[in-house]
Amino acid sequence: MDSATEPRPPADTPAPAQLAELAQQFRVDSVRMAAAAGSGHPTSSMSAAELMAVLLGRHFHYDFERPEHPGNDRFVLSKGHASPLLYAAFKAAGALTDDEMMTFRKHGSRLEGHPTPQRLPWVEVATGSLGQGLPVGVGIALAAARLERDDHRVWVLCGDSELAEGSVWEAAEHAAYEHLDRLTLLVDVNRLGQRGPTRHGHHLSAYARRFAAFGWHTVAVEDGHDIDTLDRAFSEARSTAGQPTVILARTLKGKGVAAAEDREGLHGKPLPDPEAAIAELGGVRDLHVQVQPPGPTRVLTVAHRGAPDLPHYAPGTHKATRDAYGAALTALGTVRDDVVALDGEVGDSTRTQLFGEEHPERYFECYIAEQQLVATATGMAVRGYVPYAGTFAAFLTRAYDFVRMAAVSGASMVLVGSHAGVGIGEDGPSQMGLEDLAMFRAVHGTTVVYPCDANQTAQLVAELAQQTGIRYLRTTRGDTPVIYTPGERFPVGGSKVLRMHDEDRLTVVAAGATVHEALTAADVLAAYGIRVRVIDLYSVKPVDRATLREAAADTGCLLTVEDHREEGGIGDAVAEVFADGSPPPRFVRLAVRTMPGSATPAEQLHAAGIDAESIEAAARLLVEQAVVV
């Protein structure tokens, strides 16, 4: 590349010698923090010190007093265990004091072992589960490129160990496909992982070939501790158009301390003699760096044009809840410019493609890469958008760690799982989401809803846009009866009592597909004089505790029925209401306990024991009443 075309840092940026001293300060501070905490990863921080010094001192544009500034560059520390390096950089930038820095890993400190945005405003996303920084960085860069059309850059620092994660290569392909040339990945190739050498050690060419095959511009730096060489590599990345850039820097773990440098067995441990190490590194410093401010940028105004014109469906007709989801999301996108839709190459099935046809500029195809799907949603949530990301409920299990980490980040998004339960029929068990309610209920701070008809679905799509955190909407493949009137409200945390009588002897609690089975069973039982209350528990988390307690008090017996595994779903959600020590009601669960095969939806429900006939039989046993026909 012609060096004349490379962007040059301003004349007042630190000189190479100053940056070398700054890198040494980062090492010293990393040693100090880990020693004070009695734990941490100083050697992993020390290897990347020059990478951070050159980035912070010469190429990063950021206003630490305004972390929300739209023109700020974005930085993601994918190797989150190297948090001492990040905190040392924050101190050098004037964002932290030395006293606070030394509270690292202590109770009540903002400086956790792995950084989170819940504690620090300059952290974009929680990391530490390796292999997630680049995928989320792709989401942030994609928002910048296609939604904000701004000039800020996204920098991701990862370690060589995490390049073994498949999610990294999902992200690498996606970034190249989208031509994210304002995304730069810095790889700290220090050769050593947790238990020993990494797969490719210091062979930069092995990594370079892989990234080049995915369409990345690659820059190999044989001495990742050489300031001038790194500076040129950063400039090359900034001047590369049409491709994301990866800088592969050969470094030494524990650099600068002879007893630790490139040695195994020190991962995740304070140095044995921190005082000697600090002396060997030249002692404690108090250098500060003036980070370059962000340039002029547009301030995007997000329009909210009133309530969406949600689709209406006539009671008595039949409509799949997945159809209502697509139509309602499209209507929501018409009145809210911050709503974006993502899909995992099943948009024709999830009906997310309806949004794409109406709002193509805010529709993102992530292909069959569910980890990247959730990571992209997380990155866009970081930028203030409201992502609705959908795929088959069964396939979201592949992205569960990304969901978990999104919750740690405090990210807000709506995840939609279609084709849930055995009711999908002939496709068989590989396509059936039977664990998804348990999965999402277990994540901190989630909201989980499961509508049973099209009007309820439409209302919940709009309702979830007003919530925060991770929200999960479960939809059904087949047509189901429309039982609610258009415009009826369904607040999160609520339920609907669909059958109720003073002589109720049993309460059936259902959600989604099983609501209609419960209603059919209740009507049959009523004809034989057995009154059964039916509750539509559309809000699975949080549940309507008051209504469930009232039903238990009135009828003394609860029967839950769900198109889901017995563990962690609706039955457990209901049982937990009575786990406070008060006398529980008589309680029975119907759920999917077998391994389904291929069959029609009706045959599947019957074989699983969750259809109307099964509910009726269970109810008869529970009320201990035999009926002779």
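Just so it is clear, the model here is predicted, and its values are computed rather than measured.

Caption draft 1: Here's a closer look at the packing of helix α6 (residues 133-148) against helix α7 (residues 166-177). Between α6 and α7, the shortest axis-to-axis distance is 8 Å and the interhelical angle comes to 25 degrees. By the angle between their directions, the pair α6 and α7 is classed as roughly parallel. Once α6 is placed against α7, the crossing between them reads as left-handed. Contacts from Leu-134, Pro-135, Val-138 and Leu-142 in α6 reach Ser-167, Val-168, Ala-171, Ala-172, His-174 and Ala-175 in α7. Each residue belonging to the contact of α6 with α7 can be placed in one class, and the counts come to 8 nonpolar, 2 polar and no charged.

Caption draft 2: Representation of the sheet that holds strand β16 (residues 532-536) within the structure. The 5 strands are arranged β14-β16-β15-β18-β19 in an open sheet whose pairing can be described as mixed. The outermost strands of the open sheet, each flanked by one partner alone, are β14 (496-499) and β19 (586-592). In this sheet, adjacent strand axes meet at a mean angle of 25 degrees when their direction is disregarded. Bridge count between β14 and β16: 3 bridges; the pairing is antiparallel. When the sheet's bridge partners are listed, Lys-496 is paired in β16 with Asp-536. Relative to the sheet, helix α18 (residues 513-527) contacts β14, β15 (506-510), β16 and β18 (557-565), its axis offset from that of β16 by approximately 165 degrees. The sheet contacts of helix α19 (residues 545-555) involve β14, β15, β16 and β18, and relative to β16 the element is tilted by about 170 degrees.

Caption draft 3: Looking closely at the pattern of salt bridges. Under the counting rule described, the total for this entry stands at 34 salt bridges. Between Glu-463 and Arg-489 there is a salt bridge; the shortest N-O distance is 3.8 Å. With Glu-463 in helix α17 (residues 454-464) and Arg-489 in the loop between β13 (479-481) and β14, this pair connects stretches of sequence that are 26 residues apart. Among the residues examined, Arg-489 registers a relative accessible area of 54% and is labelled exposed. Residues joined by salt bridges that share partners form a network here, namely Asp-29, Arg-32, Lys-91 and Asp-98.

Caption draft 4: The arrangement of the environment of Val-123 in detail. Among the secondary structure elements, Val-123 is positioned in the loop between α5 (98-101) and α6. Separated by 48 residues in sequence, Val-123 and Phe-75 have C-alpha atoms that sit 7.7 Å apart. Setting aside its immediate chain neighbours within four residues, Val-123 contacts Leu-86, Phe-90, Pro-115, Thr-116 and Pro-117.

Cut-off values and rules
- Each chain has its residues counted from 1, following the order in which its sequence is written.
- It should be noted that, the model being predicted, local features are given only for residues of pLDDT at least 70 and side-chain atom pairs only at 80 or more, the latter also being counted only at that level, while totals for whole chains, interfaces and linings use all residues.
- Excluding hydrogens and water, the side-chain values take into account all heavy atoms of the structure.
- Helix axes are fitted to C-alpha atoms over the stretch in contact, other axes to C-alpha atoms as well, and angles between N-to-C directions run from 0 to 180 degrees.
- The helix count covers DSSP runs of H or I at least four residues long, the strand count covers runs of E at least two residues long, and both are numbered beginning at the N terminus.
- Roughly parallel means an angle under 35 degrees; roughly antiparallel, over 145; roughly perpendicular, 65 to 115; everything else is oblique.
- Note on convention: near helix rotated counterclockwise from far helix by under a right angle means a left-handed crossing. Clockwise means right-handed.
- The contact criterion used is simple: two residues touch if any of their non-hydrogen atoms lie within 4.5 Å.
- Asp, Glu, Lys and Arg are counted as charged, while Ala, Val, Leu, Ile, Met, Phe, Trp, Tyr, Cys and Pro are counted as nonpolar; the rest, among them Gly, fall into the polar class.
- Note on pairing: two strands pair once DSSP finds at least 2 bridges between them.
- Salt bridge, as applied in this entry: a Lys or Arg side-chain nitrogen positioned within 4 Å of an Asp or Glu carboxyl oxygen.
- Type-normalised accessible area, obtained with a 1.4 Å probe on protein chains alone, sets the label of each residue: buried when under 20%, exposed when over 50%, and partly exposed for intermediate values.

The analysis is restricted to geometry; functional conclusions fall outside its scope.
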